[in-house]
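So the chains spell out like this:
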Amino acid sequence: MGRTFRAALLLVLLCIIGSAAFISYKVFFSNPARSIPLLKGSSVIEAVQTLERMGIKARVEEEDSALPRGTVIGQWPETGVKLRADKAAILKVSRGSEKLPLPDLRGLTEKQAVARLEEAGFVLGEVQKINHERPAGVVVAQNPAAPVSISQSREVGLLISLGPAAASGTVIVPDLVQRDEKTAESLARESSLRPRLERVYDNSSPQGMVVSMNPAAGQRVPRGADVYLRVASWDRKLAPQNDDEKSGSGAKGAVEDPGVEPDTAAAQNRKGDDVVAQTAQDDKKQPPSETKKKVASIRYQAPPVSNQTLVIELIDKEGEHTLVNRKAKAGEYIKINAPYVGEAVVTIYLGGNFVWQDRYN
């Protein structure tokens, strides 16, 4: 009985010792530590395959980065550090960032430029202001310069004009023609001038566009002086009237052309009335937006690279129009006022690549 008990106890002890030895082997010998190689800079697929051949699992974590999507930008453990096979290595992998074409903001007001950046999803960076020959409040430069494709997370800096430096209490009148009235008023005030608006009948220009100004752009005037802006309107009541219309048809005191017989003059007046009536009927048939041509003010400065083909296309209700198709000079400033009907889309290509697109309505 005593021998049987001792034999059983010995068997139990042997089992315990064997189990401990097996566990120790699995822990210390079956999963030997391996030195981690350099994985940073390689693709995530190559890095994972390398670790799998070493018997090490990989855990992938994505992060935003300017490096291409799928590139390993960090690793744990670092190169040369040993890791057991039962542990997982961590790979920091670039999620990448989509690059989009940056719009050309030069010539826009500061408010318009900021709105354009926000609309395109870009981030406004540092804004600096300097005296410049361009009107006060206008963007004269940007960083980075267009055309370029950048990540939306990259900041875009603006350089804003304070207008020409004042001399003896005077300022230089900015060019406000072909700007909308709100922009023209804003630029005039930022140039220390007082805008005075006068609406005039002009159905060949977009409503609200400044068609002329006094004093003219470039003149030096006292700070705080008035600048008179004539703004286009389609209101026929503002159209200039002849002497007969002012005094009434056939009224006494009407001025007649001495070189035309009275009957002939009356016939011409009746013909003129018929033309006006017919024009009014035509305007009722079709809305002004479809019958009246508008003007798209296109501004673009080519990059400092020569021998690149510049193509500017405009598409409106009348079809497709090629405005420019030639080699652009390095740094050339393009200024086009293109008429269009209804709505228009203007697209710019440089060297066969898309650069910029805008819609006019």
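Everything quoted here is computed from the prediction, not taken from an experiment.

A. Summary view of a nonpolar patch on the surface. On the surface, Phe5, Leu9, Val12, Leu13 and Ile16 cluster together into a nonpolar patch covering about 490 Å² of accessible area. Tracing the chain through its elements places Leu13 in helix α1 (residues 2-28).

B. Just the nonpolar core, in detail. Core analysis: the biggest nonpolar cluster contains 20 residues, and Ile298, Tyr300, Leu310, Ile312 and Tyr360 have the highest contact counts within it. Mapped by element, the contributors of at least two residues to this core are β16 (293-301), β17 (308-316), β18 (319-328), β19 (333-341), β20 (344-350) and β21 (353-360). Among residues more than four places away in sequence, those in contact with Leu310 are Tyr300, Val324, Asn325, Arg326, Ala328, Ile334, Ile348, Tyr349 and Leu350. Core analysis: the second largest hydrophobic core is formed by 15 residues, Ala188, Val210, Met213 and Val227 among them.

C. Representation of the confidence of the model for the protein. Here the protein averages 78 in pLDDT, and 80% of its residues register 70 or above. When the criterion is pLDDT under 50, residues 243-290 qualifies, and its contacts beyond four places in sequence or with other chains add up to 21 contacts.

D. Highlighting the sheet that holds β17. On the basis of which strands lie adjacent, the open sheet formed by 4 strands has the order β18-β17-β20-β21 and antiparallel pairing. Both outer strands of the open sheet, β18 and β21, are each paired with one neighbouring strand and no more. With direction set aside, neighbouring strand axes in the sheet form an average angle of 15 degrees. Looking at chain direction, β17 and β18 are connected through 9 bridges and run antiparallel. Following the sheet pairing, Thr309 is matched in β18 by Lys327.

E. Just the sheet that holds strand β15 (residues 226-233), in detail. Read across the sheet, 3 strands follow the order β12-β15-β13 without closing on themselves; strand pairing throughout is mixed. Only two strands of the sheet have a single partner each, and these edge strands are β12 (194-201) and β13 (210-214). Sheet twist, expressed as the average angle between the axes of neighbouring strands with direction ignored, equals 25 degrees. Here helix α4 (residues 181-190) sits on the sheet in contact with β12, β13 and β15, set at roughly 155 degrees to β12.

F. Summary view of α4. When α4 is considered as a whole, its buried residues turn out to be Glu181, Thr183, Ala184, Glu185, Leu187 and Ala188. Where the residues of α4 are buried, they touch α3 (110-120), β12, β13 and β15. Residue Ser192 follows α4 closely and has a positive phi angle near 65 degrees.

G. Region of the structure containing the packing of aromatic side chains. One pass over the structure, following the stated rule, counts 1 aromatic pair. Both rings, one in Tyr340 and one in Tyr360, keep their centres 6.3 Å apart while their planes meet at 55 degrees; by these two values the pair is tilted. In this pair, Tyr340 sits in strand β19 while Tyr360 sits in strand β21, placing the two residues 20 residues apart along the sequence. What makes Tyr340 buried here is its relative accessible area of 3%.

H. Spatial organisation of the side chain of Glu181. Tracing the backbone through its elements, the reader meets Glu181 in helix α4. Discounting chain neighbours no more than four positions away, the residues touching Glu181 are Leu197, Arg199, Gly208, Val210 and Val231.

About the criteria used
Residues numbered from 1 in each chain as written. Predicted model: local features only at pLDDT ≥ 70, side-chain atom pairs only at ≥ 80, totals over all residues. Heavy atoms only, no water. Patch = residues over 30% accessible without salt bridge, like charges linked within 9 Å, V, L, I, M, F, W, Y side chains within 5 Å. Areas by Shrake-Rupley, 256 points an atom, 1.4 Å probe, with all protein chains shown as cover. Salt bridge = Lys/Arg side-chain N within 4 Å of Asp/Glu carboxyl O. Helix = DSSP H or I, 4+ residues; strand = E, 2+ residues; numbered from the N terminus. Core = buried A, V, L, I, M, F, W, Y, C linked by side-chain atoms within 4.5 Å. Buried < 20%, exposed > 50% of the residue type's maximum accessible area, 1.4 Å probe, protein only. Contact = heavy atoms within 4.5 Å. pLDDT = per-residue confidence, 0-100. Pairing = 2+ DSSP bridges. Axes fitted to C-alpha atoms, helices over the stretch in contact; angles between N-to-C directions. Phe/Tyr/Trp six-rings, centres within 6.5 Å; stacked < 30°, edge-to-face > 60°.

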